[in-house]
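Coordinate inspection notes
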Amino acid sequence: MSDLGDWFRSIPLITRYWFAGSIAVPLIGKLGLVSPVYLFLWPDAFINRFQIWRPITATFFFPVGPGTGFLYLVNLYFLYQYSSRLETGKDSYLYSSVGYFELREILYK
């Protein structure tokens, strides 16, 4: 179990909290501790009833079920891979001139 703890502590800070939230929030909804209805983003509930947690929980929530388990694991993998690369600066493509040019073209069209 120490290896798992060491691996988790080695994840960059933002990625670690995002990854942990992406596991904890769907687990809370799946176990029934909180109804999944309260984890979705409903603009009416957010604006009119002042349920300010909805944008945060909607960011982390994924409806895990029998048909979506593999998709959930793939999403966690990509979250870990790309977020940790961006946070540590190991993804040199984003800092290259071609990456900057393509990003600029996407944003300013």
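Residues numbered from 1 in each chain as written. Predicted model: local features only at pLDDT ≥ 70, side-chain atom pairs only at ≥ 80, totals over all residues. Heavy atoms only, no water.

Operational definition: UniProt positions are given in the numbering used here, feature names are shortened, and annotations may be inferred rather than shown by experiment.
The name that an unreviewed UniProt entry assigns to the protein is Derlin, with the source organism given as Bambusicola thoracicus. In the Sequence similarities (unreviewed entry) part of its UniProt record, the protein is described as follows: "Belongs to the derlin family." In its Subcellular location (unreviewed entry) section, the UniProt record describing the protein reads: "Endoplasmic reticulum membrane".

**Examining helix α5 (residues 69-88)**
Operational definition: The helix and strand labels rest on DSSP assignments: H or I over at least four residues marks a helix, E over at least two residues marks a strand, and numbering proceeds from the N terminus. For a helix, the expected span equals 1.5 Å multiplied by the residue count minus one. Burial status follows relative accessibility: with a 1.4 Å probe on protein chains alone, a residue under 20% of its type maximum counts as buried, one over 50% as exposed, and anything between as partly exposed. Comment: arc refers to directions from the helix axis out to C-beta atoms. Residues are treated as being in contact if the distance between any of their heavy atoms lies within 4.5 Å.
With 20 residues, α5 should reach 28 Å at 1.5 Å per residue; the first-to-last C-alpha distance of 29 Å fits that figure. Listed as buried for α5 are Y72, L76, L79, S83 and S84. One side of α5 holds all its buried residues, which, seen down the axis, span an arc of 100°. On its buried face, α5 sits against α2 (13-31).

**Side note on the UniProt feature "transmembrane region" (unreviewed entry) in the protein**
Taking the UniProt record as the reference, the feature "transmembrane region" (unreviewed entry) is found at residues 17-40 and 60-80. Secondary structure over residues 17-40 splits into 62% helix and 0% strand, and the C-alpha atoms at its two ends are 19 Å apart. Each end of residues 60-80 is marked by a C-alpha atom, and these two atoms are 13 Å apart; helix forms 62% of the span and strand 0%.

**Focus: α2**
Across its 19 residues, α2 extends 27 Å between first and last C-alpha, which sits within 8% of the 27 Å expected from 1.5 Å per residue. Along α2, the residues that are buried comprise T15, R16, F19, G21, S22, V25, P26 and G29. For α2, the elements touching its buried residues are α1 (2-10), α4 (54-60) and α5. Directly beyond the C-terminal end of α2, a positive phi value near 85° is found at G32.

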